[in-house]
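Observations on the three-dimensional arrangement
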Amino acid sequence: MTEFAERGLTQAFGTDVGLNRPDVETRRIVGQALDAGYRLLDCALLYGSFRSVCAVLKERDLDEDTFIIFKVKPDEVSELKGVFRPLGRGPDLLMLHEMAATTRQTVNAMGELADRVRSGNARYLGLSNVTTVEELQTLCEAAQRFRVPVSCVQNRCSPYYQDTEIRRYCREHGIVYLAYGLMGSRQQGACHGEGHGLPTLYLLPTQDPRLEALARRLQFQDEDRLRQASTGELLLYWASAQGIIPVAFSTHNERVRYNLNASQLSAVTTLRAMELLFSEPRMDGVRATLTRNPPVRALYLSLRDPTAWWLLDEVFRVAGPLLTALAERAGPGSTVALRNMVYNLIRFVGDLQSNDMPWLDTLREEFRQLDTAYRATADADAKRRLFELCYEWMMKDSMAGGGVKEAPERPAEIRRGEYVPDHPVTASGRLANGRSARLVEKPPPVGTLLTLKESDHSTFMKGYDPVLFANLAQHQVYDVNYCGQQPITVRILTTGSRPTARVIEPEE
Ligand SMILES: NC(=O)c1ccc[n+]([C@@H]2O[C@H](COP(=O)([O-])OP(=O)(O)OC[C@H]3O[C@@H](n4cnc5c(N)ncnc54)[C@H](OP(=O)(O)O)[C@@H]3O)[C@@H](O)[C@H]2O)c1
């Protein structure tokens, strides 16, 4: 689909601006987005804002010139009668808002939307919250049979969760990829209930101090004054540089204007700095010393994610003995359990951020207190109990969300010995249930030939030293974090901008 590029539609404005907002507020927010220049609107039956959106479009005589995406859940397809009357035409793109319980149901719902496209009630067909490439491929093939191709996919994506495989599929098949959740969707958001799923989905990049520091270094001229960039603008710029169309919103008049212009930023140094933050973990400082301990090294290597490593560094600085003991208890061989532990740390951070807490200070302080209590307890039984509760907390199912409100109380409960886990302890954590993001369940099997791309395979390690993509050498063996999630070992067969590699046994 080339229409977005041809019409210069670089960003979509999200109209999920709050079901409880008065109509006049919704109109103000959508109106200021249109006045700022947004001509691509992301709407859905679920958002309850479509009538207000249509009224604002009519007021400004922009109903014909604005590209409307309209999302419908599989069980809402029968409710479309009359919905588009206030617009006076069909939407430009009809999108299935989420997958149904079974592929068959999803295909049926998609077929009904395809019927509407074929009969001229919409021009394009799209899918949202697609879970895996296999699922996407199946649905694209079904859409071909309906004689209406899938033109767009809208999934959750941010620098913390880059949805690499689905984006690659879209690129290779001419499907436009739109990303929501770019600024980080708080847990208990409108579309996704409780925040179950991969914890990195719920980190708020707008609150990342590393990104805040980058934003502070960037200034823009705004009429007669210089102003500092915001983290949100950096994220929108990052997305555009990846060929992603962001779907975001702001309720602030000024921000909306700045956000729309962010796609056109020219800040290559900042972009490179962001790539470094999110793609290339480095073994230095505290980490280099800590990782001499085998269980701690295994803890770091269980999730080769630069943000996870940065958070581990922060926690090790204030609670080294406790965290080391927890990693030792899990054992260096239990990669899955250790990864679950790291994910729980990320989950805790996401919970603090969703509570609008000064999260980094709180994180350090809570772990410092836990560590102090662990080291200072003279009573052996009390010490053991504290340790066991900590272990229980860190080993709980990291994919199960919903602890947002209680998050800050948990460490205090552990110190008082009152903590009761609300999810059963698992050794491994659980996969997200059919949401747009989940762990890549199986790494590619031994013998698979891979074509490597820098954007898809972020971290190459030789022993414990990271190796830049450009420095990969032929015949050498590297550990790589496949799709940012699964550790595999590869042997490089050819080098160049898209080297080939074969997956080999780690001990080969
Ligand atoms: N397909 C799906 O299932 C799905 C799910 C969720 C959302 N969506 C779509 O995506 C849209 C966006 O929702 P989202 O959940 O992804 O939220 P988002 O756009 O990532 O985040 C919105 C939040 O970011 C803040 N923000 C905006 N610009 C900023 C900036 N420059 N710096 C710092 N903060 C900034 C806004 O605050 P202020 O208002 O204070 O500026 C707002 O609270 C929705 O409206 C909806 O259309 C789709």
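Described below are features of the structure shown in this document. (Residues numbered from 1 in each chain as written. Predicted model: local features only at pLDDT ≥ 70, side-chain atom pairs only at ≥ 80, totals over all residues. Heavy atoms only, no water.)

1. Brief notes about unusual backbone geometry
Negative phi is the rule for most residues except glycine; trans is the rule for most peptide bonds. Its identity as a non-glycine residue notwithstanding, Arg-147 has a phi of 60 degrees, on the positive side. The residue Arg-147 is located in the loop between α5 (133-145) and β6 (150-156) in this model. For Arg-147, a relative accessible area of 63% puts it in the exposed group. Although it is not a glycine, His-475 adopts a positive phi angle of roughly 70 degrees. (Helix = DSSP H or I, 4+ residues; strand = E, 2+ residues; numbered from the N terminus. Buried < 20%, exposed > 50% of the residue type's maximum accessible area, 1.4 Å probe, protein only.)

2. A closer look at helix α12 (residues 294-301)
Burial runs high along α12: six of the eight residues are buried. Elements that come into contact with the buried residues of α12 comprise α11 (285-290), α13 (306-330), α14 (335-354) and β12 (460-462). (Contact = heavy atoms within 4.5 Å.)

3. As for the pattern of salt bridges
For the coordinates displayed, the defined rule picks out 29 salt bridges. When the shortest N-O distance is used, the salt bridge between Asp-361 and Arg-364 registers 3.4 Å. Within this pair, Asp-361 and its partner Arg-364 are both found in helix α15 (residues 359-376), separated by three residues, close to a single helical turn. Among the ionic contacts, a cluster of salt bridges with common partners joins Glu-3, Arg-7, Arg-89, Asp-92 and Arg-123. (Salt bridge = Lys/Arg side-chain N within 4 Å of Asp/Glu carboxyl O.)

4. Examining the packing of aromatic side chains
Considering all chains together, one arrives at 14 aromatic pairs under this definition. Aromatic side chains Phe-4 and Phe-67 sit 4.9 Å apart centroid to centroid with 80 degrees between the ring planes, which places their arrangement in the edge-to-face category. Separated by 63 residues along the polypeptide, Phe-4 in helix α1 (residues 3-6) and Phe-67 in strand β3 (residues 67-72) bring together distant segments of the chain. Of the aromatic side chains, those joined through ring pairs into one cluster are Phe-4, Phe-67 and Tyr-124. Here Arg-210 stacks its cationic end above the ring of Trp-310, 4.1 Å away from the centre of that ring. Over the face of the ring belonging to Tyr-391 we find Arg-329, whose NZ or CZ atom lies 4.1 Å from the ring centre. (Phe/Tyr/Trp six-rings, centres within 6.5 Å; stacked < 30°, edge-to-face > 60°. Lys NZ or Arg CZ within 6 Å of the ring centre and 35° of its normal.)

5. Observations concerning the site of the ligand
Surveying the vicinity of the ligand reveals 29 residues, the closest of which are Asp-42, Gly-181, Ser-250, Thr-251 and Arg-255. Contact distances for the ligand include 3.0 Å between a nitrogen atom and a side-chain N or O atom of Ser-230. In isolation the ligand offers 900 Å² of accessible surface; the protein chains occlude 86% of this area. Listed by contribution, the elements that provide at least two residues to the shell around the ligand are α8 (231-241), β10 (245-248) and α9 (253-262). Partitioning the shell around the ligand into residue classes produces eight nonpolar, 16 polar and five charged. (Near = heavy atom within 4 Å. Polar contact = N/O pair within 3.5 Å; in protein donor to acceptor, adjacent residues only side chain to side chain. Areas by Shrake-Rupley, 256 points an atom, 1.4 Å probe, with all protein chains shown as cover. Nonpolar A, V, L, I, M, F, W, Y, C, P; charged D, E, K, R; others polar.)

6. Looking at the packing of helix α7 (residues 209-216) against α8
One way to put it is that α7 packs onto α8 with a least axis distance of 9 Å and a crossing angle of 95 degrees. If you check the angle between α7 and α8, you find them roughly perpendicular. Facing Leu-211, Glu-212, Leu-214 and Ala-215 of α7, the residues of α8 in contact are Thr-231, Leu-234 and Leu-235. Taken together, the residues that form the contact of α7 with α8 break down as five nonpolar, one polar and one charged. (Axes fitted to C-alpha atoms, helices over the stretch in contact; angles between N-to-C directions. Parallel < 35°, antiparallel > 145°, perpendicular 65-115°, else oblique.)

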